[in-house]
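# Descriptive analysis of the structure
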Amino acid sequence: MDEDVEERPSSEENLFPDFVVEQWTSSSFEELFMAQDWHDITDDHLLRKKVLKPGPQQALHPAWGQEVTVKMQGVLEDRTVVEKDSKLVFVIGEGDVNQALEECAMSMQMEEITLLLADSQFAYGLLGREPDIPTWAPLLYQLQLLDIKEKSDPLTLPVPDRIRIGNQKRERGNFHFQREEYTLAVRAYCMALDVLTTRTRDGDNGALAEEEEEVQDYRVKCLNNLAASQLKLEQHEEALHTSRDVLFLDPTNVKSLFRAGKLLSDMGEYKEAMETLKKALKLEPSTKAIHVELSKLVKRQSGGKDTRTFKSVQMGISWKFLLGALMVALGSLVTSVVLTARN
């Protein structure tokens, strides 16, 4: 899978210097989960907030599907800073951030500053987040809601913005794939593909040649990762369809040729599987996995018979011919020995 590792800021500078309260600096998380002056966002008491500065009266709350901008920093219980962003932009409900941030954003008003205490179930759970967030770690955030707006139609955005947003979605998919959260990975990759296009609302294509090439390159990466996720979910028909989408854009993509060939073989489409795997082998003749899959395919075609003849078939020599030649040679040798003994 194509992977991109996101760099995270390491600066210890406090983004909220005027709101350095005791709950932020030293209170235990157990105390905060039990505190009477905190408000429960969820009924299970595992996601709580305390408003430090309310927004103006009648200020708006964001809704599901809207794009928000927040200032945010998050710490572990020992107050190690593990997340920080002075201008974090995400669409509520699209999984761009953890559930704690999405839920809290919907509870906030414009300009509000709040503390957010999140149990690990709403943050990074059992797996944590390498290398900085341990398993089952609750988090404490300071947040300010800076902006609310409707989600932009990707077909109206400049192509560079589409590439930026599409890659953010793709990287989120990679994050979920690495955590073996394959359903979430599929969702993220599909959202990335919706954005990674040069088509406009009226059907035109106004992209520059280099932009078109860049978008296509990212689409290929995203589709390959989507197919890998679908395979993990045993969605074989979908994975084959996605692999064919890759080959439409890049007919020499060995990863997709191999994946499609293997899937076709598993589905009993032996003729197309052989053609597809041979294309992959021609492009990468030294790749062992392709040879192994071709050997399996020959065995399936022969009804499960010995596939040690695969290389002989490749050279145009059948094993029956080789066996016959061996028997003739042995017969000649025996006759020669008998005649010599008689003489």
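Note that the coordinates shown come from a computational prediction; the quantities given were computed from them, not determined experimentally.

### Details of the sheet that holds strand β1 (residues 39-40)
The 6 strands are arranged β1-β2-β5-β6-β3-β4 in an open sheet whose pairing can be described as antiparallel. Looking at strand neighbours, the two that pair on one side only are β1 and β4 (81-91), the edges of this open sheet. By the bridge criterion, 6 bridges tie strand β5 (residues 113-118) to strand β6 (residues 139-150) in an arrangement that is antiparallel. Bridge assignment links L116 to a residue of β6, and that residue is Y141.

### Notes on the packing of aromatic side chains
The geometry of two aromatic rings is summed up by the distance between their centres and the angle between their planes. In total, this model carries 2 aromatic pairs according to the counting rule given. On the basis of an interplanar angle of 85° and a centroid distance of 6.3 Å, the ring pair of Y124 and F175 is categorised as edge-to-face. Remark: F175 occurs in helix α4 (residues 159-178) and Y124 occurs in the loop between β5 and β6; sequence separation between them is 51 residues. Of the two residues, Y124 and F175, neither departs from the other in class, the shared state being buried. Ring geometry for F177 against Y182: centres 5.3 Å apart, planes inclined by 70°, an arrangement best described as edge-to-face. Residue F177 is classed as buried on the basis of its relative accessible area, which comes to 14%.

### Comments concerning the nonpolar core
The biggest cluster of nonpolar side chains holds 28 residues, and the ones touching the most others in it are F90, L101, L116, L139, Y141 and L143. Sorting elements by how many residues they give to this core places β6 first, with 5 residues. Dropping the residues within four chain positions of it, Y141 is found in contact with W24, M72, Q73, G74, E83, N98, L101, T114, L115, L116 and Y124. Counting 18 residues, the second-largest nonpolar core is a separate cluster that includes F177, V220, L226 and V246.

### With respect to the pattern of salt bridges
Following the criterion strictly, the structure yields 15 salt bridges and no others. With a shortest N-O distance of 2.7 Å, D132 and R129 are connected by a salt bridge. R129 sits in the buried class, given a relative accessible area of 4%. Between K262 and D266 there is a salt bridge whose closest N-O contact spans 3.5 Å. Residue K262 and its partner D266 are located together in helix α8 (residues 254-266), separated by 4 residues, close to a single helical turn. Assessed through its relative accessible area of 32%, K262 is described here as partly exposed.

Calculation criteria
Residues numbered from 1 in each chain as written. Predicted model: local features only at pLDDT ≥ 70, side-chain atom pairs only at ≥ 80, totals over all residues. Heavy atoms only, no water. Pairing = 2+ DSSP bridges. Helix = DSSP H or I, 4+ residues; strand = E, 2+ residues; numbered from the N terminus. Phe/Tyr/Trp six-rings, centres within 6.5 Å; stacked < 30°, edge-to-face > 60°. Buried < 20%, exposed > 50% of the residue type's maximum accessible area, 1.4 Å probe, protein only. Core = buried A, V, L, I, M, F, W, Y, C linked by side-chain atoms within 4.5 Å. Contact = heavy atoms within 4.5 Å. Salt bridge = Lys/Arg side-chain N within 4 Å of Asp/Glu carboxyl O.

Taken by themselves, the reported measurements are silent on function.
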